[in-house]
Amino acid sequence: GDSVTQMEGPVTLSEEAFLTINCTYTATGYPSLFWYVQYPGEGLQLLLKATKADDKGSNKGFEATYRKETTSFHLEKGSVQVSDSAVYFCARSKGNNRLAFGKGNQVVVIP
Amino acid sequence: DTGVSQDPRHKITKRGQNVTFRCDPISEHNRLYWYRQTLGQGPEFLTYFQNEAQLEKSRLLSDRFSAERPKGSFSTLEIQRTEQGDSAMYLCASSSGGQGVFYEQYFGPGTRLTVT
């Protein structure tokens, strides 16, 4: 089965709006959790991570909290900018040698 | 810049041809990974190396695929007798490595393969 599930469909919002992208993971073991971002024409960049329950990862105004009770790692940003337009991938570690990714969400921020 | 580099960035080939991609990891990283990303999907794990040893291969890596890391530095991924279904972005990543700890993986820009 899928290891990481992201909400369906692209996300379109206006500049300065609040962004949430949902992510849930299968609760096997004690994975590390990650959000990666892929800007147009570029490779994957690590945005933030959390390695244990209740940890909060944060970077560039984005935050995500490792919720073991709901097996979730939702990404949030309080006020998005046009430059945040990208594809966002949630991922979990599998063992200590691979990542399992969600399908990604295209985020489009309109001025 | 000493990030992960991949070559070529784009490759167009005809069905049945062989292709080879190269990845140069971050120099101090002993682990190297290959992933494949198809349109609208997240990356999927193919294989990984610790130094020159290939330690794990996904079921996605059919017999037509072979990866090497001969000196524990750069790696090559070869696809023989390409099929249209091989069209994808091939991503390389590298990390430090050790027992029982998951190390952050750094990704290259990818090689986009189109099989016509």
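Residues numbered from 1 in each chain as written. Chains lettered and ligands numbered in written order. Predicted model: local features only at pLDDT ≥ 70, side-chain atom pairs only at ≥ 80, totals over all residues. Heavy atoms only, no water.

Q: Explain the nonpolar core to me, and be specific about the residues and the numbers.
A: All names here are of chain A. Counting 25 residues, the largest nonpolar core has Trp-35, Phe-73 and Tyr-88 as its most contacted members. Elements that contribute at least two residues to this core include exactly β2 (11-14), β3 (19-21), β4 (23-25), β5 (33-38), β6 (44-50), β8 (62-65), β10 (86-94) and β12 (105-110). Discounting residues that sit within four places of it in the chain, Tyr-88 has contacts with Gln-6, Ile-21, Trp-35, Tyr-36, Val-37, Leu-47, Phe-62, Leu-75, Gly-104, Asn-105 and Val-107. (Core = buried A, V, L, I, M, F, W, Y, C linked by side-chain atoms within 4.5 Å. Buried < 20%, exposed > 50% of the residue type's maximum accessible area, 1.4 Å probe, protein only. Helix = DSSP H or I, 4+ residues; strand = E, 2+ residues; numbered from the N terminus. Contact = heavy atoms within 4.5 Å.)

Q: Run through unusual backbone geometry, naming residues and quoting values.
A: Backbone torsion omega between Asp7(B) and Pro8(B) reads -5°, so that peptide bond is classified as cis. Along the chain, Pro8(B) turns up in the loop between β1 (5-7) and β2 (10-13). Within the chain, Lys60(A) stands out as a residue other than glycine whose phi angle is a positive 55°. Assignment of secondary structure puts Lys60(A) in the loop between β7 (56-59) and β8. Phi at Thr71(A) takes a positive value of approximately 45°, unusual for a residue other than glycine. Positionally, Thr71(A) belongs in the loop between β8 and β9 (75-77). For Thr71(A), a relative accessible area of 21% gives the class partly exposed.

Q: Residue-level account of the interface of chain A and chain B, with values.
A: The interface is formed by 19 residues belonging to chain A together with 23 residues belonging to chain B. Both sides of the chain A and chain B interface together cover about 1700 Å² of buried area, and 52% of this is carbon and sulfur. When the buried area of chain A at its contact with chain B is split by residue, Asn96(A), Asn97(A) and Arg98(A) rank highest and sum to 36% of it. Residue Glu104(B) is joined to Lys49(A) by a salt bridge in which the shortest nitrogen-to-oxygen separation is 3.2 Å. Seen at the junction of chain A and chain B, the total is 5 residue pairs in polar contact (both at pLDDT 80 or more). (Buried area = accessible area lost by both parts, 1.4 Å probe. Salt bridge = Lys/Arg side-chain N within 4 Å of Asp/Glu carboxyl O. Polar contact = N/O pair within 3.5 Å; in protein donor to acceptor, adjacent residues only side chain to side chain.)

Q: Summarise the pattern of salt bridges; cite the residues concerned and give the values.
A: Inspection of every chain in the model, using the stated rule, returns 8 salt bridges over all chains. One salt-bridge network, in which partners are shared between bridges, spans Arg64(B), Glu83(B) and Asp86(B).

Q: How would you summarise the pairing of β2(A) if you had to cite specific residues and measurements?
A: Residues and elements named next belong to chain A. The side-chain alternation of β2 yields one buried face, formed by Val-11 and Leu-13, and one unburied face, formed by Thr-12 and Ser-14. Examined bridge by bridge, β2 and β12 share 4 bridges and lie parallel to one another. Bridging from a neighbouring strand, Ser-14 pairs with Ile-110 of β12. (Pairing = 2+ DSSP bridges.)

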